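What follows is each chain in one-letter form.
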Amino acid sequence: MAKLQVAIDLLTTEEALALATKVAPYIDIIELGTPLIKSEGLAVITAMKNAFPDKIVFADFKTADAGELEADMAFKAGADLITILGATGDATIIGAVKAAKTHGKGVVVDTIGVTDRVKRAQEVIALGVEFVELHAGLDEQAQPGYSIQVLIDEASRAGVPVSIAGGVKLSNIAAVKASGVKVAVAGAAIYGAADPAAAAKELREALDAA
Ligand SMILES: O=C([C@H](O)CO)[C@H](O)[C@H](O)COP(=O)(O)O
């Protein structure tokens, strides 16, 4: 069964907790977006884990260096998963995996900025990461001609555990699931909806039905 992850790209702990409260019944993983963590610091991780101890709390650090140190910081604050950039060197990923093993937590590699996402996903899985996020970030999504189909095609041939992030919404979540992903990540489709709870419920139902 594919998991549903809500990516919270809001800027305050108060807003993030309010959104999570609305959508928690329908989602498995609560992602604290990079802008949110930069705005609120490690305290937002602790606040979210304390409020939702049964959810997987995902700290989108996008770490590029000092992997062991930054992962240790995130896990001590309450994160269950942390992202490390796939574009960085293996040593940073290996360090984060070491910290994850110490804490009994996990590392996700984010392929933002990686040219050959499938090749890099296959490489880093061998380093002990939980799964790889095939990710077109907000800036890449804004480029003319962007289509999530690229990520769906990559997931279909990855052959390793992956998630897709980059414009997941109701109209494409069945195709995202059919590609074999472990996790479907939806940000704006939930936090930008007029009724986030209804949007999360529809995505959950579509994911489970597909
Ligand atoms: O990770 C993200 C981005 O880099 C900003 O932090 C987004 O949360 C991710 O792209 C998912 O969001 P949507 O594309 O809006 O679904």
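The rules behind the values
- Residues numbered from 1 in each chain as written.
- Predicted model: local features only at pLDDT ≥ 70, side-chain atom pairs only at ≥ 80, totals over all residues.
- Heavy atoms only, no water.
- UniProt positions renumbered as here; feature names shortened; annotations may be inferred.
- Helix = DSSP H or I, 4+ residues; strand = E, 2+ residues; numbered from the N terminus.
- Rg over C-alpha atoms; globule rule 2.2 N^0.38 Å.
- Contact = heavy atoms within 4.5 Å.
- Areas by Shrake-Rupley, 256 points an atom, 1.4 Å probe, with all protein chains shown as cover.
- Buried < 20%, exposed > 50% of the residue type's maximum accessible area, 1.4 Å probe, protein only.
- Right-handed = clockwise from strand over helix to strand, strands pointing away.
- Pairing = 2+ DSSP bridges.
- Arc of directions from axis to C-beta.

- With an unreviewed UniProt entry as reference, the protein chain is termed 3-hexulose-6-phosphate synthase, source organism Dyadobacter psychrotolerans.
- The heading Pathway (unreviewed entry) in the UniProt record of the protein chain holds the text "One-carbon metabolism; formaldehyde assimilation via RuMP pathway; D-fructose 6-phosphate from D-ribulose 5-phosphate and formaldehyde: step 1/2."
- Looking at the protein chain in UniProt, the text filed under Catalytic activity (unreviewed entry) is "D-ribulose 5-phosphate + formaldehyde = D-arabino-hex-3-ulose 6-phosphate".

**Regarding the overall build of the protein chain**
Next up, step 1: A tally of helices and strands in the protein chain yields eleven helices and eight strands.
Next up, step 2: For 210 residues, the compact-globule formula gives about 17 Å, and the C-alpha radius of gyration of the protein chain, at 16 Å, lands near that figure.
Next up, step 3: For the protein chain, the spread of C-alpha atoms along the principal axes amounts to about 40 × 40 × 30 Å.
Next up, step 4: Across the protein chain, every contact between residues at least 6 apart in sequence was considered, and the portion connecting residues at least 24 apart equals 63%.
Next up, step 5: Only carbon and sulfur atoms are counted for the fraction: they give 54% of the accessible area of the protein chain, which is about 9000 Å².

**Points about the pairing of strand 4 (residues 81-85)**
Next up, step 1: Counting buried positions along strand 4 yields five of five residues, so the element is predominantly enclosed.
Next up, step 2: Alternating residues of strand 4 divide into Leu81, Thr83 and Leu85 and Ile82 and Ile84, and every residue in both groups is buried.
Next up, step 3: Handedness of the strand 3 (residues 56-63)-helix 4 (residues 67-77)-strand 4 crossover: right-handed.
Next up, step 4: By the bridge criterion, five bridges tie strand 4 to strand 5 (residues 106-110) in an arrangement that is parallel. Each bridged residue has a counterpart across the sheet, and for Leu85 the counterpart in strand 5 is Asp110.
Next up, step 5: As a crossover connection, the stretch from strand 4 through helix 5 (residues 90-103) into strand 5 is right-handed.

**Details of helix 6 (residues 117-125)**
Next up, step 1: Listed as buried for helix 6 are Arg117, Val118, Arg120, Ala121 and Val124. End-on view of helix 6: buried residues confined to an arc of 165°, all on one side of the axis.
Next up, step 2: The inward-facing, buried residues of helix 6 abut helix 5, strand 5, strand 6 (131-135), helix 7 (138-141) and helix 8 (149-158).

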